[in-house]
Amino acid sequence: MKTKIQGNYVVAGAEAIPALYQSGYFGRPKDNVLYLRFVEAAYLLYRNKIEIFKDKTALDFDAFLKFAALKEDFFELKYIVYKDLKERGYYIQSAATDFRIYPRGGSPGKTAAKSFVFVQSERIDLPFSALIQHLNNTENVRKQFILALVDEESDITFFEIKRVDQNNGFFGEMSYPIPDLKTGPEGFRPIPAILLKERVVLDNKTVSEKLYQNAFFGKMMDEDRLQLSLVEALYLMEQNRIEIFNLNSEKMTPDEFVEHASSIEPDFMKKYAIYKDLKDRKFVPKTGFKFGTHFRIYEKVESLDKIPHSEFLLHVISPDHLFKMPVTSGAIRLANSVHKRMIYAADTGRKIEYIEFERIKM
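The rules we used
- Residues numbered from 1 in each chain as written.
- Predicted model: local features only at pLDDT ≥ 70, side-chain atom pairs only at ≥ 80, totals over all residues.
- Heavy atoms only, no water.
- Pairing = 2+ DSSP bridges.
- Helix = DSSP H or I, 4+ residues; strand = E, 2+ residues; numbered from the N terminus.
- Axes fitted to C-alpha atoms, helices over the stretch in contact; angles between N-to-C directions.
- Contact = heavy atoms within 4.5 Å.
- Buried < 20%, exposed > 50% of the residue type's maximum accessible area, 1.4 Å probe, protein only.
- 1 Å grid on protein atoms, 1.4 Å probe; cavity = no way out; pocket = protein on both sides within 12 Å on 5 of 7 lines; lining within 4 Å.
- Points joined across faces, edges and corners; volume = space filled by probe spheres on them.
- Nonpolar A, V, L, I, M, F, W, Y, C, P; charged D, E, K, R; others polar.

### A few points about the sheet that holds strand E6 (residues 57–59)
Here is step 1 of the chain: With respect to topology, 6 strands assemble into an open sheet ordered E3-E4-E2-E1-E5-E6, the strand pairing being mixed. Where the open sheet ends on each side, the last strands, each with one partner, are strand E3 (28–30) and E6. Taken over all neighbouring pairs, the strand axes of this sheet differ in orientation by 35° on average, direction set aside.
Here is step 2 of the chain: Of the strand pairs in this sheet, E3 and strand E4 (residues 33–36) are connected by 3 bridges, and their pairing is antiparallel. Considered in E4, the bridge of Pro29 is made with Leu34.
Here is step 3 of the chain: Across the face of the sheet, helix H3 (residues 61–71) comes into contact with strand E1 (2–6), strand E2 (9–12), strand E5 (51–54) and E6 while running at roughly 90° to E6.

### Quick word on the pairing of strand E9 (residues 115–121)
Here is step 1 of the chain: A large share of E9 lies buried, amounting to 7 of its 7 residues.
Here is step 2 of the chain: Looking at chain direction, strand E8 (residues 98–101) and E9 are connected through 3 bridges and run antiparallel. What sits directly across from Ile101, in E9, is Ser115.
Here is step 3 of the chain: Two elements, E9 and strand E11 (residues 144–150), share 7 bridges in a ladder whose sense is parallel. When the bridges of E11 are listed, Val119 appears paired with Ala148.

### Here's the deal with the layout of surface pockets
Here is step 1 of the chain: Estimated volume of the largest pocket: approximately 810 Å³.
Here is step 2 of the chain: Surrounding the largest pocket, 26 residues form its lining, Arg199, Ser229, Lys286, Thr287 and Arg296 being those nearest its centre.
Here is step 3 of the chain: Mapped by element, the contributors of at least two residues to the lining of the largest pocket are strand E16 (226–228), helix H7 (230–238), helix H9 (268–280), strand E18 (284–287) and strand E19 (295–298).
Here is step 4 of the chain: Here the lining of the largest pocket is composed, by residue class, of 11 nonpolar, 6 polar and 9 charged.
Here is step 5 of the chain: Considered as a void within the structure, the second largest pocket measures approximately 150 Å³ in volume.
Here is step 6 of the chain: Taken together, 14 residues form the lining of the second largest pocket, with His315, Val327, Thr328, Ala331 and Tyr344 sitting closest to its centre.
Here is step 7 of the chain: Per-element tally for the lining of the second largest pocket: the top contributor is helix H10 (residues 325–337), with 4 residues.

By themselves, these observations are geometric and do not establish any function.
Pasting the structure below:
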């Protein structure tokens, strides 16, 4: 079947509509003509279903591949993903985010598309802002957002990316995140704690045991003392559960403590904003250092005698973050290998975005 290049399309005559669109949903029919995107035309040319003419010259596959690559950025990547999905049996059409995919057993005109696919090279950074825009576009039409990551050997890794706090579904089950710390008949008063260089220590045995045993705050230094991380200490300080003194026995204000913590960890407040929100959502966040992330997160810890596996790994990022795809892919693979979900969190100032990456099979 002869076709010709016309602008940004490969155009076929009326006979192509039943042969290509109605049988395989290739292209878009309009005014008794079928308009094929370059990636569709390349696949059909590869399958020997069409011939493509530029002016009056027939182009073989290699010649058309060069032509299309000059017209579209990363055309070869889009073709690799398109061909892979077609050969998996999907109906697939071009869309604003590269492709839309229909569920197995569905087709254009009969069922709604299930997913939008965005094609990305492993060598190209993905800005967080662009990711959010893609998510907004797909969520507005209630589609699944899939990132197709193509590596240097043309292998494809598919990731589903979604907001985990959509529809208010991202909450833990820790009923009492801060235990009752009454210290005598007069009732509650903040417990003194000492700031060392990188952690805060409580030397009140009763309070230490309550915070550790009942709410999994910190880690026991010995039988009497509890050591808290900087984010844990600030959280308890803001909740008026502890008061912090420096090594000169001077009581610190929250601003003074934040200044000290930020001098040790420049992104301290960015990390703390996420920690506080997770605590308010009744999660139990603990350090994720062993996994290369900021936090590992438990939905609930009922007993320290039998600590459950954490459900999530979470890494804190900035709104101007650039996802380095080899690093991101490695983090997701590690999370999946230890049966955890990988979440990235950013405080945009307007809201905290919780974004999950999950490696999937198509």
